[in-house]
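# Reading the structure
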Amino acid sequence: MEIIKEPSELIKYIKRRKPEFKSIGFVPTMGALHQGHISLIECSKKENDFTICSIFVNPIQFNNAQDFILYPKNQEEDFKMLENAGCDLVFMPSAEVMYTEEPRIKIDFGSLELVMEGKFRPGHFNGVAIVVAKLFHIVQPDISYFGQKDLQQYLIIKQMVKDLSFPIELRSCPVIREKDGLAMSSRNQRLTPKGRPIAAKLNESLLLAAKLLENSTVESTKAKIRDFYKNIKEIKLEYFEITDSETLMPIKDVKEHKGIAICVAAYLDGVRLIDNILI
């Protein structure tokens, strides 16, 4: 497994070797890897001749400076996991080479960035879009892989790829969960031993809502989920939404939509967790 840190070096490497490959798969990450990330590497390995993973904690997508500082890092373990998974190359740039100066461009995603994550993390998706666009230009992948857990992020990138005509296919891969249902996330490392089992309540609430929607209205279901969280004093609910799975706009009647996304964000042990299911 090769490791490259300079964008210019990777561009030259890709230009030299791309004729050898029918396709290049790309998995962008912020490190602190877990089995969810590795499942993306495995998907890429199945579909491509060459797989690249980036590790870059992107400073401009954090609207909470403390969250950026506390974001977990484990470089040696990350390298070991990627090598065991058969990753061919790791791109690991510094913030200094990715941003020689502060980006001035602003990308507007309309209503898609005004709900849920966009509503509670203003500017977050502009930072995500800028770094992913830069990575796409440097890596030049044929297919790029993202986890469903970050559903809104995937839809933002999908919109960017469409609007800016990136010659790249996107794949959204299923959420990988712990045995108790908790969605795997790098942030889970920051949970306390006491808080960790409580975190599984997020997935429990999603499954409960899906069950309730079989016989209840959207508003009635959301009210029952709010009551569910009122009984869990350790969790501070930020949002719980039942939305169209493509637009992420709140819905009134599940029968009027082809796909439904049930999404949640909450704080536990001072750690912000998100999850979703599609029905």
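Residues numbered from 1 in each chain as written. Predicted model: local features only at pLDDT ≥ 70, side-chain atom pairs only at ≥ 80, totals over all residues. Heavy atoms only, no water.

Now for the pairing of strand β8 (residues 260-268). Counting buried positions over the nine residues of β8 gives eight, a clear majority of the element. Direction of pairing for strand β7 (residues 235-244) relative to β8: antiparallel, over a ladder of nine bridges. Residue pairing for β8: K236 is matched across the bridge by Y267. Two elements, β8 and strand β9 (residues 271-278), share eight bridges in a ladder whose sense is antiparallel. Each residue of the ladder has a partner; that of C263, found in β9, is N276. Turn length for the β8-β9 hairpin, with the two strands adjacent in sequence and antiparallel, is two residues, and the turn residue D269 shows positive phi of about 55 degrees. (Buried < 20%, exposed > 50% of the residue type's maximum accessible area, 1.4 Å probe, protein only. Helix = DSSP H or I, 4+ residues; strand = E, 2+ residues; numbered from the N terminus. Pairing = 2+ DSSP bridges.)

Locating A133 in the fold gives a position in helix α7 (residues 124-139). For A133 and P7, which are 126 residues apart along the polypeptide, the C-alpha to C-alpha distance reads 13 Å. Among all residues touching A133, those that are not within four sequence positions of it are M160 and F166. (Contact = heavy atoms within 4.5 Å.)

On to the pattern of salt bridges. The final tally for this structure, using the stated rule, is 19 salt bridges. Residue R190 is joined to D67 by a salt bridge in which the shortest nitrogen-to-oxygen separation is 3.1 Å. In this pair, R190 sits in the loop between β6 (169-173) and α9 (195-198) while D67 sits in helix α3 (residues 65-70), placing the two residues 123 residues apart along the sequence. On the basis of relative accessible area, D67 is assigned to the buried category, the value being 14%. In this structure, the salt-bridge partner of E241 is K222, at a minimum N-O distance of 3.2 Å. Remark: K222 occurs in helix α11 (residues 218-230) and E241 occurs in strand β7; sequence separation between them is 19 residues. Assigned by exposure class, E241 and K222 land together as buried. Where salt bridges share partners, they join E117, R121, E238 and R272 into one cluster. (Salt bridge = Lys/Arg side-chain N within 4 Å of Asp/Glu carboxyl O.)

Direction vectors running N to C along α7 and helix α8 (residues 151-163) enclose 55 degrees, while the axes themselves pass 10 Å from each other. As judged from the angle between their axes, α7 and α8 are oblique. Along this stretch, α7 crosses α8, giving a crossing that reads as right-handed. Across the interface between the two elements, F125, V128, A129, V132, A133 and F136 of α7 pack against Q152, Q153, I156, I157, M160 and V161 of α8. Residues belonging to the contact of α7 with α8 are distributed by class as follows: 10 nonpolar, two polar and no charged. (Axes fitted to C-alpha atoms, helices over the stretch in contact; angles between N-to-C directions. Parallel < 35°, antiparallel > 145°, perpendicular 65-115°, else oblique. Left-handed = near helix turned anticlockwise from the far one by under 90°. Nonpolar A, V, L, I, M, F, W, Y, C, P; charged D, E, K, R; others polar.)

To continue, consider the sheet that holds β9. An order of β7-β8-β9 is seen for the three strands of this open sheet, with the pairing classed as antiparallel. Of all the strands in the sheet, the pair left with one neighbour each is β7 and β9. For this sheet, the mean inter-axis angle between neighbouring strands, taken without regard to orientation, is 15 degrees. Sitting on the sheet, helix α10 (residues 201-212) touches β7, β8 and β9, and the angle it makes with β9 is about 30 degrees.

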